[in-house]
Structures are given as C-alpha cells and as structure tokens.
Amino acid sequence: MRLLIAEDEVDLAEALTVFFEKNHFSVDAVHNGFDAYEYASSGAYDAVILDVMMPKMDGIQVLEKLRQEGVKTPIMMLTAKGQKSDRITGFNAGADDYLAKPFGMMELLSRVNALLRRARRNEERARQAADLARAEAESSHSSASEPPHGKEILEIGPIRLD
C-alpha cells in the first residue's frame, strides 16, 4: 500500500514514515500544503494522512481542492486541531477520518487499515454495479425481440376504434 504523509513537523513525519514502513507500507512524506496537494493529486496513493496547520497551504485547503478536482483517495486528517468544530470542518471538507494529536500509533495504524478496507469495498461495489449494468445492457440489446424465459409473445393485430 502506498501512503502519503503531509506533516510539517519533520521529526513526526520521519517517525510516522518509519512506523508505516515497518508495517509494510510504501511512504512518501512532504512538509507543506503545496507539496501535499501536488503529490496527492497524482493519484499514486492508496491513502493520505494530512495535517491541518502547514505552511504554503493549510490541510483543509488541500483537502477541499483535491475533492473539488474529483480526487477520491481516502484522506485522514491528523492534527492538533481536535475541537469538535475543527473535526466538523474537516469532515465537511471531505475528510474520510480525523484523528487529533496526541494519538497512539496503533490506533493510527488501525484507522488507516480501516480506511483502506472501506475504500476497497467501495471500489468492489462500484465494479460490481458497473458489471451488472453492462450485463443488463447487453442482455436487453441481444434479446430485445425475444420474450423473457418461459414466456410467449402474443401478437395483436390492428385495433379499430369506431
């Protein structure tokens, strides 16, 4: 799994990178909002961990811009801004999860794994819906003149209304 960590505190970003790499993730870390936007908009990541208070562009602005552009990558906000109103702002901007600092590393890992599971389930459901729609479209085109299984077509001649 490929993960982007956007965190302006370099020591924390490095600790998170080491932790996730030890848990079998491939990780890129950036330290400002502009780079976070550039990297995340590439579509190369399975999930993004995004701090709110970063230089050049704050995390909420990054999140809003990504969502406006249709980026569907799961994004978790990881921030010191943990008030109820901050969390609501993050979710309304398009965050998939929100974890306030300080946090436990195992909780963070569990939340990222849950985020990825939900994303995989959603992708699978979308794929199944597309397959079903395609099959129904093919079925209706190939059998437009054939009756449903076990049914007969009853032809009625012209009707006169005098």
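The structure under discussion appears in the preceding block.
It should be emphasised that the depicted structure is a prediction, and the values quoted were computed from it without experimental measurement.

Definitions and cut-offs
Residues numbered from 1 in each chain as written. Predicted model: local features only at pLDDT ≥ 70, side-chain atom pairs only at ≥ 80, totals over all residues. Heavy atoms only, no water. Salt bridge = Lys/Arg side-chain N within 4 Å of Asp/Glu carboxyl O. Helix = DSSP H or I, 4+ residues; strand = E, 2+ residues; numbered from the N terminus. Buried < 20%, exposed > 50% of the residue type's maximum accessible area, 1.4 Å probe, protein only.

K.L.:
For this particular structure, what's the right way to read the pattern of salt bridges?
P.N.:
Side chains bearing opposite charge may pair, as long as their charged atoms lie close to each other. Per the counting criterion, the structure on display carries seven salt bridges. The partner of Lys101 in a salt bridge is Glu7, with the nearest N and O atoms 2.8 Å apart. Residue Lys101 is found in the loop between strand S5 (97-100) and helix H5 (105-142), and its partner Glu7 is found in the loop between strand S1 (2-6) and helix H1 (10-22); the two are separated by 94 residues along the sequence. Looking at Glu7, the relative accessible area reads 1%, which means it is buried. Residue Lys101 is joined to Asp51 by a salt bridge in which the shortest nitrogen-to-oxygen separation is 3.8 Å. Of the two residues, Lys101 sits in the loop between S5 and H5 while Asp51 sits in the loop between strand S3 (47-50) and helix H3 (59-68), which places them 50 residues apart along the sequence. For the pair Lys101 and Asp51, one class covers both residues: buried.

K.L.:
Which parts of the structure should I look at to understand unusual backbone geometry?
P.N.:
Leaving glycine aside, a negative phi is the common case for residues, and trans is the common case for peptide bonds. With omega at -5 degrees, the peptide bond leading from Lys101 into Pro102 counts as cis. Here Pro102 is to be found in the loop between S5 and H5. The backbone phi angle of His24 is positive, close to 70 degrees, even though this residue is not glycine. According to the relative accessible area criterion, His24 is exposed, its value standing at 71%. Positive phi is not limited to glycine here, since Lys56 has a value of about 75 degrees. When you line up the elements, Lys56 lands in the loop between S3 and H3. For Lys56, a relative accessible area of 69% puts it in the exposed group.

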